There are 2 protein chains.
Amino acid sequence: MRIGQLARSVGVDTQTIRFYEREGLLPPPDRQDNGYRIYTERHVERLAFIRRCRILELSLAEIHELQRYQGAPHQPCRAINTLLDDHIAQVRSQITDLQVLEKQLVSLRASCNDDREIEACGVLEGLSEGSMQ
Amino acid sequence: MRIGQLARSVGVDTQTIRFYEREGLLPPPDRQDNGYRIYTERHVERLAFIRRCRILELSLAEIHELQRYQGAPHQPCRAINTLLDDHIAQVRSQITDLQVLEKQLVSLRASCNDDREIEACGVLEGLSEGSMQ
DNA sequence: TAAAACCATATAGCCACTATAAGGTCAATA
DNA sequence: TATTGACCTTATAGTGGCTATATGGTTTTA
């Protein structure tokens, strides 16, 4: 199949597919005489794998690492679990950071009601004075 | 004061200060004969304002907007409150997205214990098969 | 006087794409 | 047959908010 069909079947832009190839995440496919890329079912699977990882917000580097593991099927899989644990920890720390942020924002917002003049806006005051952290 | 002292007093890199100037967030300061930038107390306040906004993860565009409002002190401040409300909504939606993500990751992680071979790794299986969404 | 610390500009890199430009290929239609 | 439209190709620049590097001039300190 050609790049457009691959793109449609996985739900990705053709540019993204070429980008993954340049980044070494997708193996370079054979070419037709006219230079068009020809993909196989393997490429579909490989691309779908990448997309599933990306949905989970794994970085391209992490995906690369996972692909290396796939090439050594008889190694122990602890490294994979560790990779995932680290990623989970990262997501959790993002969540708590954002929760702190949300509280700060809500408290700042509470310092103003609408319909003041900008001069007297509690939000702008809160941002202008150093009483923040 | 020169750029280094400004940087130290606000806790920012000198490069960042020049970057803000290029982006139009900090007004271009006067220069000494040798070309060195000379900053005033106003610049300190302006830069501190920017940093407080950045800590709250307001974008440079949003900060720009706030600065425009500061220039019109007798306008009503509703636009500022709205800007903040939108930002809070955005943060909240990030949080819920990340919470969904965390659940998916934890459930994937639960499909494997350590000490299998990669071939049999539940995590890798979960990523390889389409049973994800 | 020489080294260290400071200042200047310009340019590239980060991440994971996305957009744009400029052009070649192919099948179907007027 | 000519042309339209859908497809493909490469190359390059842009996104955001910095950060790093290169190269060179200036000032302060030892």
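Note that the coordinates shown come from a computational prediction; the quantities given were computed from them, not determined experimentally.

K.L.:
Lay out the packing of helix α2 (residues 14-22) of chain A against helix α3 (residues 41-55) of chain A in plain terms, naming residues and giving numbers.
P.N.:
Residues and elements named next belong to chain A. Between α2 and α3, the least distance of the axes is 12 Å, while the angle of their chain directions is 95°. When the interaxial angle is binned, α2 and α3 end up roughly perpendicular. Facing α2, whose interface residues are Thr16, Ile17 and Tyr20, α3 presents Leu47, Ile50, Arg51 and Arg54. Residue classes in the contact of α2 with α3 are distributed as 4 nonpolar, 1 polar and 2 charged.

K.L.:
Lay out unusual backbone geometry with the relevant residues and their values.
P.N.:
Although it is not a glycine, glutamate 57 of chain B sits at a positive phi angle of roughly 60°. Here glutamate 57 of chain B shows up in the loop between α3 (41-55) and α4 (60-70).

K.L.:
If you had to explain the protein's contact with DNA strand C to someone new, which residues and values would you point to?
P.N.:
By nearness alone, 18 residues border DNA strand C, and Gln15, Tyr20 and Arg54 of chain A together with Gly4 and Arg18 of chain B come closest of all. Of everything in DNA strand C that lies within 4 Å of the protein, sugar and phosphate atoms constitute 76%. Here a base nitrogen of DNA strand C and a side-chain polar atom of glutamine 15 of chain A are 2.8 Å apart. Elements with a minimum of two residues in the surface near DNA strand C: α2 and α3 of chain A together with α1 (3-10) of chain B. Of the residues forming the surface near DNA strand C, the biggest block, 4 residues, is contributed by α2 of chain A. Its residues assigned to classes, the surface near DNA strand C comprises 6 nonpolar, 6 polar and 6 charged.

K.L.:
Explain the protein's contact with DNA strand D to me, and be specific about the residues and the numbers.
P.N.:
The full set close to DNA strand D counts 18 residues, and Gly4 and Arg18 of chain A together with Gln15, Tyr20 and Asn34 of chain B are the nearest of them. The share of sugar and phosphate among atoms of DNA strand D within 4 Å of the protein is 74%. Taking threonine 16 of chain B, its side chain carries an N or O atom lying 3.5 Å from a phosphate oxygen of DNA strand D. When contributions to the surface near DNA strand D are tallied by element, the ones reaching two or more residues are α1 (3-10) of chain A together with α2 (14-22) and α3 of chain B. Top element by residues in the surface near DNA strand D is α2 of chain B. It accounts for 4 residues. Partitioning the surface near DNA strand D into residue classes produces 6 nonpolar, 6 polar and 6 charged.

K.L.:
For the UniProt feature "domain: HTH merR-type" (unreviewed entry) in chain A, give the residues involved together with the corresponding values.
P.N.:
The positions UniProt marks with the feature "domain: HTH merR-type" (unreviewed entry) are residues 1-69 of chain A. What you have in residues 1-69 of chain A is 61% helix and 6% strand, and the ends, taken at the C-alpha atoms, are 28 Å apart.

K.L.:
Mind laying out the pattern of salt bridges, listing which residues take part and the relevant values?
P.N.:
By the definition in use, this model includes 10 salt bridges over all chains. Here arginine 78 of chain A ties to aspartate 115 of chain B by a salt bridge, and the two come within 2.3 Å at their closest N and O atoms. Of the two residues, arginine 78 of chain A sits in helix α5 (residues 78-109) while aspartate 115 of chain B sits in the loop between α5 (78-109) and α6 (122-128), which places them in two different chains. Two residues, arginine 37 of chain B and glutamate 21 of chain B, come together in a salt bridge whose shortest N-O distance is 2.8 Å. With arginine 37 of chain B in strand β2 (residues 37-38) and glutamate 21 of chain B in helix α2, this pair connects stretches of sequence that are 16 residues apart. We note that arginine 37 of chain B, like glutamate 21 of chain B, is buried.

Definitions and cut-offs
- Residues numbered from 1 in each chain as written.
- Chains lettered and ligands numbered in written order.
- Predicted model: local features only at pLDDT ≥ 70, side-chain atom pairs only at ≥ 80, totals over all residues.
- Heavy atoms only, no water.
- Axes fitted to C-alpha atoms, helices over the stretch in contact; angles between N-to-C directions.
- Helix = DSSP H or I, 4+ residues; strand = E, 2+ residues; numbered from the N terminus.
- Parallel < 35°, antiparallel > 145°, perpendicular 65-115°, else oblique.
- Contact = heavy atoms within 4.5 Å.
- Nonpolar A, V, L, I, M, F, W, Y, C, P; charged D, E, K, R; others polar.
- Near = heavy atom within 4 Å.
- Polar contact = N/O pair within 3.5 Å; in protein donor to acceptor, adjacent residues only side chain to side chain.
- UniProt positions renumbered as here; feature names shortened; annotations may be inferred.
- Salt bridge = Lys/Arg side-chain N within 4 Å of Asp/Glu carboxyl O.
- Buried < 20%, exposed > 50% of the residue type's maximum accessible area, 1.4 Å probe, protein only.

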